[in-house]
Amino acid sequence: QTGEGGLEVKASITDIRIADNINGIEKADLVPMYRTDELVDSNGKLLPKEVEIWQNGDGINTETKLISRESMKQSLVLIDIQYENTTDKELEIYIPYRLETLTNEDGSFVPSTSIDENENISAREYCDTEIFYMSCHGESDKDFYSIMLDANETKTVTLGFRCIDEQLKNAYVVINPTTDGVITEDYTNSFNIYMIFKVQ
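Remember, predicted model here, so these are calculated numbers, not experimental data. Starting from 1, residues in each chain are numbered consecutively following that chain's sequence as written. Where totals are concerned, whole chains, interfaces and linings use all residues; where local detail is concerned, this predicted model gives features only for residues with pLDDT of at least 70, and gives and counts side-chain atom pairs only at 80 or more. Excluding hydrogens and water, the side-chain values take into account all heavy atoms of the structure.

K.L.:
Got a minute to help me understand the overall build of the protein chain in this structure?
P.N.:
For the protein chain, the helix and strand inventory stands at zero helices and 17 strands. Taking all 200 residues of the protein chain together, the buried fraction comes to 42%. Here the analysis covers contacts within the protein chain between residues at least 6 apart in sequence; of these, 70% occur between residues at least 24 apart. In short, Shrake-Rupley with a 1.4 Å probe defines the accessible areas, and a residue's cover is counted only from the protein chains shown. If you sum the accessible surface of the protein chain, you get close to 11100 Å²; carbon and sulfur atoms cover 44% of it. Put simply, DSSP marks the helices as runs of H or I at least four residues long and the strands as runs of E at least two long, and each gets a number from the N terminus on. Only protein chains enter the accessibility calculation, which uses a 1.4 Å probe; a residue is then buried when its area is under 20% of its type maximum, exposed when over 50%, and partly exposed in between. Whether two residues are in contact is decided by their heavy atoms: any pair within 4.5 Å suffices.

K.L.:
So what exactly am I meant to see when it comes to the sheet that holds strand E14 (residues 154-164) here?
P.N.:
Sheet strands pair via backbone hydrogen bonds, and the direction of the pair is either parallel or antiparallel. The pairing criterion for strands is at least two bridges between them, as found by DSSP. With antiparallel pairing, the four strands of this open sheet are ordered in space as E3-E6-E14-E12. The outermost strands of the open sheet, each flanked by one partner alone, are strand E3 (9-19) and strand E12 (133-134). Strand direction decides the pairing type here: strand E6 (residues 74-85) and E14, joined by eleven bridges, are antiparallel. Residue pairing for E14: Tyr83 is matched across the bridge by Lys155.

K.L.:
I tried to follow the pattern of salt bridges on my own but got confused; where do I start?
P.N.:
Close approach of charged atoms allows side chains with opposite charge to pair. Between Lys or Arg on one side and Asp or Glu on the other, a salt bridge is scored when a side-chain nitrogen of the former is within 4 Å of a carboxyl oxygen of the latter. In total, this model carries seven salt bridges according to the counting rule given. Asp128 is the salt-bridge partner of Arg162, the closest N and O atoms lying 2.9 Å from each other. Here Arg162 is found in strand E14, whereas its partner Asp128 is found in the loop between strand E11 (121-123) and E12, with 34 residues between them in sequence. For the pair formed by Arg162 and Asp128, the shared burial category is buried.

K.L.:
How should the packing of aromatic side chains be read in this particular structure?
P.N.:
Centre-to-centre distance and the angle between the planes together describe a pair of aromatic rings. Planes of paired rings set the category: under 30 degrees apart is stacked, over 60 is edge-to-face and the rest tilted, where pairs are Phe, Tyr or Trp rings (Trp by its six-membered ring) whose centres lie within 6.5 Å. In this structure the tally under the stated criterion is one aromatic pair. Aromatic side chains Phe109 and Tyr172 sit 5.3 Å apart centroid to centroid with 75° between the ring planes, which places their arrangement in the edge-to-face category. Here Phe109, found in strand E9 (residues 108-111), pairs with Tyr172, found in strand E15 (residues 171-175); they are 63 residues apart in sequence, far enough to count as distant. Take Phe109: its relative accessible area is 10%, and that puts it in the buried class. Here Tyr172 falls in the buried class, since its relative accessible area comes to 5%.

Note that all results are geometric; they support no functional claim without further evidence.
Below, the structure written as structure tokens:
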């Protein structure tokens, strides 16, 4: 992030790893909307995700219909981000990271949930669209989307997102570069410019 005096916060991804259970993380750091008894078995292993394939109608001549529903294994993608506050003041930093599944088609990245654009066939999300786990958070729900950095403080934050195993090869950490200092290859669409890191 930059301010009037130049770069205020430096950020870098220091590690990306994959786990199939939540035993290695603090349960209290799961985002409050998630209940562990509905997400994992007695050993802490993530339960499968129901993946639905839909054909979207136009609302007039054709109806939206469910094509298939399949239970698929999923894993937890854990991302370590190191933040450095280069100023002499306390800062609140918005967390601009999320996980998406993308397919590289001739140099352009498209959502892998788009199965047949001509027939309007697509899958529901293959991975969490919201943060599932976050270390170093505050007490309220909104504090899972920002962190506080003391003056000249360096802090490592771990984020977690679930993704079905079959799509891990297409999983990317997506970052909005206007709010972060990490630089990698560009991923563009008609609305914004993003930066991405491949998970595997």
